[in-house]
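# Architecture and fold: a report
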Amino acid sequence: MEEQRSTWREGSNNLIWLMSDNMHHQWLLLAACFWVIFMFMVASKFITLTFKDPDGYGAKQEPLILTAVTKVEEARVPEEKHWTKEFQPTGKAFTGNLLHHPLVHMERLELLRNVCRDTALRNLSHTAVSKFVLDRIFVCDKHKILFCQTPKVGNTQWKKVLIVLNGAYSSIDEIPESIVHDHEKNGLPRLSSFSDSEIKKRLNLYFKFFIVRDPFERLISAFKDKFVHNPRFEPWYRHEIAPSIIRKYRRNRMETKGLQFEDFVRYLGDPNHRWLDVQFGDHIIHWVTYVELCAPCEITYSVIGHHETLEDDAPYILKAAGIDRLVSYPTIPPGITVYNKTKVERYFSGISKRDIRRLYARFEGDFKLFGYRVPDFLLN
């Protein structure tokens, strides 16, 4: 009996040991399975995060940091341009995405309307729609477009665009440079050449635009082009206009050099400049205000482009006018439209604050109407 009990106890112990050993193996197997699954998940996560869709991110992959949370892919927004503090065009310009442009140009036009309503600036923002203004506006009847000329802001290229649209030449490359500014041969009628009723009809119905630029930088461009380099050989600027300015505005009578930028600034800032303007005739278009050229508070323009954002504005204008499939704006050399503060400081160095403030007083309307920052670095 005792022997049977001993046998039974021994069998029970063996069974318990076998069961314990079996459970130990099961736990080891289970742990191994979990480890395999875990490693598979890690490998899968690594593969997913490392090999992104090349169509979404391009062929070149940047190193990625593994995180425990999977981030939903965000829509890519075009990079916003950052402008210097001295120049920030009204609204925002987005490269390569014209869908944003309507908002930019709506902001510009809204600013224009608000400044036009400012009675304190009325003398600087309003002008009559005179023959002088109508002479500045070129007409393309075929595509119902009016373009107001604002010299020293890339207008030569826009004239070429209109010449092609009017059918005088089939492409911009075919247009001789001598033809562009010859208004008897370039096929660009001026709005002033129409009857009053035809003028009114076109102003009411046509797509209308012009281009602006930082007012002081434009004056520097005009001075260099007409009185320094004179690439189109227009001798009257140096031999007729310059001597008249020098006689009235040069302080140092012993100075024998040609017209200096200081003389030019003193002439433009003189509240009584108009008596010389009358003598100079239409040549003053290169330095008078945008208000005097295009009457932006009297004429309701469709778009106002900025020279500083011309890479974006030119395609937008063509598209808004419905001609983007007919003609392209000529290639813009890199960096040519960027505001150059260093150049502005260099030209205005040595000019008295009084003369600079008088110049700003005349062009304040242009600064305010088109969203250009006050040049405090020159005024104060």
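Residues numbered from 1 in each chain as written. Predicted model: local features only at pLDDT ≥ 70, side-chain atom pairs only at ≥ 80, totals over all residues. Heavy atoms only, no water.

Each disulfide consists of a covalent bond between the sulfur atoms of two cysteine residues. Summed over the entire model, instances satisfying the criterion amount to 2 disulfides. At a sulfur-sulfur separation of 1.9 Å, the disulfide partner of C116 is C297. On the sign convention where negative is left-handed, the bridge of C116 and C297, at about -85° about the S-S bond, is left-handed. One end of the pair, C116, is in helix α3 (residues 101-116); the other, C297, is in the loop between α13 (290-294) and β4 (303-306), with 181 residues separating them in the sequence. Classification of C116 as buried rests on a relative accessible area of 13%. Sequential numbering of the bridged cysteines in the protein chain gives the disulfide pattern 1-4, 2-3. (Disulfide = S-S within 2.5 Å. Helix = DSSP H or I, 4+ residues; strand = E, 2+ residues; numbered from the N terminus. Buried < 20%, exposed > 50% of the residue type's maximum accessible area, 1.4 Å probe, protein only.)

All right, on to the packing of aromatic side chains then. Counted under the stated rule, the structure contains 27 aromatic pairs. Plain terms: the ring middles of F223 and F227 are 6.1 Å apart, the flat faces sit at 35° to each other, and that makes the pair tilted. Of this pair, F223 and F227 are both found in helix α9 (residues 215-229), 4 residues apart, which corresponds to roughly one turn of the helix. You'll find F223 and F227 in the same group, each marked buried. Ring geometry for F227 versus Y237: centroids 6.0 Å apart, planes at 90°, classification edge-to-face. (Phe/Tyr/Trp six-rings, centres within 6.5 Å; stacked < 30°, edge-to-face > 60°.)

So, about α3. Working note: α-helix, 3.6 residues per turn, so residues spaced by three or four point in the same direction. Taking 1.5 Å per residue as the helical rise, α3 with its 16 residues ought to reach 22 Å, and the 23 Å between its terminal C-alpha atoms agrees with that figure. Among the residues of α3, H101, V104, H105, R108, L109, L112, V115 and C116 are the ones counted as buried. End-on, the buried residues of α3 take up no more than an arc of 125°, which puts them together on one face. Facing away from the buried side of α3 by more than 90 degrees, the exposed set consists of L103 and M106. (Expected span 1.5 Å × (residues − 1). Arc of directions from axis to C-beta.)

Structurally, Q149 is set in the loop between β2 (145-148) and α6 (155-165). Residue Q149 is classed as buried on the basis of its relative accessible area, which comes to 8%. In sequence terms Q149 and D135 are 14 residues apart; their C-alpha atoms lie 9.0 Å from each other. If sequence neighbours within four positions are ignored, Q149 has contacts with R136, F138, N155, K159, I285, L293 and C294. (Contact = heavy atoms within 4.5 Å.)

Under the criterion given, the structure shown has 23 salt bridges. Among the ionic pairs, R202 bridges to D141, the shortest N-O distance being 2.9 Å. One end of the pair, R202, is in helix α8 (residues 196-205); the other, D141, is in the loop between β1 (137-140) and β2, and 61 residues separate them in sequence. The class for R202 is buried, based on a relative accessible area of 6%. Assessed through its relative accessible area of 31%, D141 is described here as partly exposed. In this structure, a network of salt bridges that share partners links the residues R251, E262, R266, R354 and D355. (Salt bridge = Lys/Arg side-chain N within 4 Å of Asp/Glu carboxyl O.)

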